[in-house]
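# Per-entry structural report
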Protein chains: 2
Amino acid sequence: MLSAIDFWFDFSSPYGYLAAEQIDALAARHGREVRWHAILLGPLFKVVGTAPLTTLPVKGDYAAHDFARTARLLGIPFALPNQFPVATQVAARAFYLIQDESSGQAKQFARLAYRAYFAEGRDITDGSVVMDLVAKAGAGASAIEPQLGSEAIKQRVRHEVDSALRAGVFGSPFFKVDGEPFWGNDRLPHLEEWLRRGGW
Amino acid sequence: MLSAIDFWFDFSSPYGYLAAEQIDALAARHGREVRWHAILLGPLFKVVGTAPLTTLPVKGDYAAHDFARTARLLGIPFALPNQFPVATQVAARAFYLIQDESSGQAKQFARLAYRAYFAEGRDITDGSVVMDLVAKAGAGASAIEPQLGSEAIKQRVRHEVDSALRAGVFGSPFFKVDGEPFWGNDRLPHLEEWLRRGGW
């Protein structure tokens, strides 16, 4: 059996959103599954010594332009939120709580959360918005809501971020397949070529 | 007549090298000319507040891996030089001195200088190496050599870097066509699609 593709993303990452809309279909074309990992870019950026793209002079304006232009090319609805970037701990916690029950529902939640933030202008830092999306994804909201603020799930998210760091992840989206790392939505064509050829 | 594509590059930029090997053929497919502009990333990085990719923890290792992997995919010879990045003032000065006589020879010099540095491991900070490449490009070496250290050409390079900054350039390679900016070798597919469709 072919090994899965690992896919790391932060819910506040525009290119992560664009990749989330594409990765499962790409993987399926090559008989691969995708393991999704919600991460928090803040701690990763500290290690790498970088900052959110849009906070950088000159480069930030270009990045905002490129997010929208790339989304239009892909036919994916996108509008840079007024509040950007935002802290995505609550969404990440919900993601893992759902994933423990169903990875399919967790992916569906992630896609809904991304669209809520980047296409519908909703505030995904708000627990009630997150719980609405949990319900929409078909997950058991009543079991999840009381756990959203628990120490256990906070530690779980920290553990997932640490695992990502150990795997060499430093941005979003980030992919790994058969040990090979790919960073960025713009590397999806390389990732697909890698799957097609088995490397080069 | 269709307007030209502007192409900014630093001689120490691996992705600039990969783009330099492709941009004229890409432009020709769409009836466009390319205006090449040698720049120095140092002053640009100061404005943006960033640093050479390979100096960043974690991200640097990935970048070195991605340079070589992208080059292999494109069939372009590449080996990350032992001295990297390097100061590219001398090569940039030679480029503009040649360009004042012939833009075709200047492009040929740029391609030779990139290959010398990234494929042949030669030291392009060395004036004698640069002069060898000037001669190989068919330019008038005897007229250029005495000007390589002149105040006039130093000012010219500073002026070109300032012009790039005013045009919103913050990295290498950087392209602009019909007012639309594209940053990175990985945006060449978008640039080409833009030419094909006239935007989207």
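Throughout what follows, the structure given in this document is the object of discussion. (Residues numbered from 1 in each chain as written. Chains lettered and ligands numbered in written order. Predicted model: local features only at pLDDT ≥ 70, side-chain atom pairs only at ≥ 80, totals over all residues. Heavy atoms only, no water.)

Residues and elements named next belong to chain A. Summed over the entire model, instances satisfying the criterion amount to 56 aromatic pairs over all chains. On the basis of an interplanar angle of 50° and a centroid distance of 5.8 Å, the ring pair of Phe 9 and Tyr 114 is categorised as tilted. Taken as a pair, Phe 9 in strand E1 (residues 5-9) and Tyr 114 in helix H6 (residues 103-118) lie far apart in primary sequence, 105 residues in all. Each member of the pair Phe 9 and Tyr 114 is classed as buried. Their ring planes at 70° and their centres at 4.9 Å tell us that Trp 194 and Trp 200 sit as a pair that is edge-to-face. (Phe/Tyr/Trp six-rings, centres within 6.5 Å; stacked < 30°, edge-to-face > 60°. Helix = DSSP H or I, 4+ residues; strand = E, 2+ residues; numbered from the N terminus. Buried < 20%, exposed > 50% of the residue type's maximum accessible area, 1.4 Å probe, protein only.)

Residue and element names in this part refer to chain B. With respect to the helices, strands and loops of the structure, Glu 192 is situated in helix H10 (residues 188-197). Take Glu 192: its relative accessible area is 12%, and that puts it in the buried class. Once residues within four sequence positions are removed from consideration, Glu 192 is found in contact with Leu 26, Arg 29 and His 30. (Contact = heavy atoms within 4.5 Å.)

So, about the packing of H6 of chain A against helix H7 (residues 127-136) of chain A. To describe two helices that pack against each other, one gives the angle between their axes and the distance between the axes. Residue and element names in this part refer to chain A. Two elements in contact, H6 and H7, have axes separated by 9 Å at closest approach and are oriented at 135°. By the criterion of interaxial angle, the relationship of H6 to H7 is oblique. At the point where H6 passes H7, the crossing takes the right-handed sense. Contacts between H6 and H7 involve Phe 109, Leu 112, Ala 113 and Ala 116 from the former and Val 130, Leu 133, Val 134 and Lys 136 from the latter. (Axes fitted to C-alpha atoms, helices over the stretch in contact; angles between N-to-C directions. Parallel < 35°, antiparallel > 145°, perpendicular 65-115°, else oblique. Left-handed = near helix turned anticlockwise from the far one by under 90°.)

So, on to the pairing of strand E1 (residues 5-9) of chain B. Residues and elements named next belong to chain B. Counting buried positions along E1 yields five of five residues, so the element is predominantly enclosed. Where burial is concerned, the two faces of E1 agree: the one with Ile 5, Phe 7 and Phe 9 and the one with Asp 6 and Trp 8 are both buried. For E1 and strand E2 (residues 34-38), the ladder comprises five bridges, and the chain directions are parallel. Residue Phe 9 lies in a different strand from E2, and its bridge partner there is Ala 38. (Pairing = 2+ DSSP bridges.)

Bringing the packing of helix H5 (residues 89-99) of chain B against helix H6 (residues 103-118) of chain B into the picture now. Residues and elements named next belong to chain B. With their axes 7 Å apart at the nearest point, H5 and H6 run at an angle of 155° to one another. Judged on the interaxial angle alone, H6 and H5 are roughly antiparallel. In this structure, H5 contributes Ala 91, Ala 94, Phe 95, Ile 98 and Gln 99 to the contact, and H6 contributes Ser 103, Gln 105, Ala 106, Lys 107, Phe 109 and Ala 110. Tallied by class, the residues present in the contact of H5 with H6 amount to seven nonpolar, three polar and one charged. (Nonpolar A, V, L, I, M, F, W, Y, C, P; charged D, E, K, R; others polar.)

With that settled, consider the pattern of salt bridges. Going through the model one piece at a time under the given rule, you end up with 34 salt bridges over all chains. Note that Arg 35 of chain A and Asp 6 of chain A form a salt bridge whose closest N and O atoms lie 2.8 Å from each other. Taken together, the residues span a long stretch of sequence, with Arg 35 of chain A in strand E2 (residues 34-38) and Asp 6 of chain A in strand E1 at a distance of 29 residues. Residues Arg 69 of chain A and Asp 66 of chain A are paired through a salt bridge, measuring 3.1 Å at the closest nitrogen-oxygen approach. Pair noted here: Arg 69 of chain A and Asp 66 of chain A are both in helix H4 (residues 59-74), with a separation of three residues, about one helical turn. Side by side, Arg 69 of chain A and Asp 66 of chain A carry an identical accessibility label, which is buried. Connected via shared salt-bridge partners are Asp 66, Arg 69, Glu 180, Asp 186 and Arg 187 of chain A together with Asp 66, Arg 69, Glu 180, Asp 186 and Arg 187 of chain B. (Salt bridge = Lys/Arg side-chain N within 4 Å of Asp/Glu carboxyl O.)

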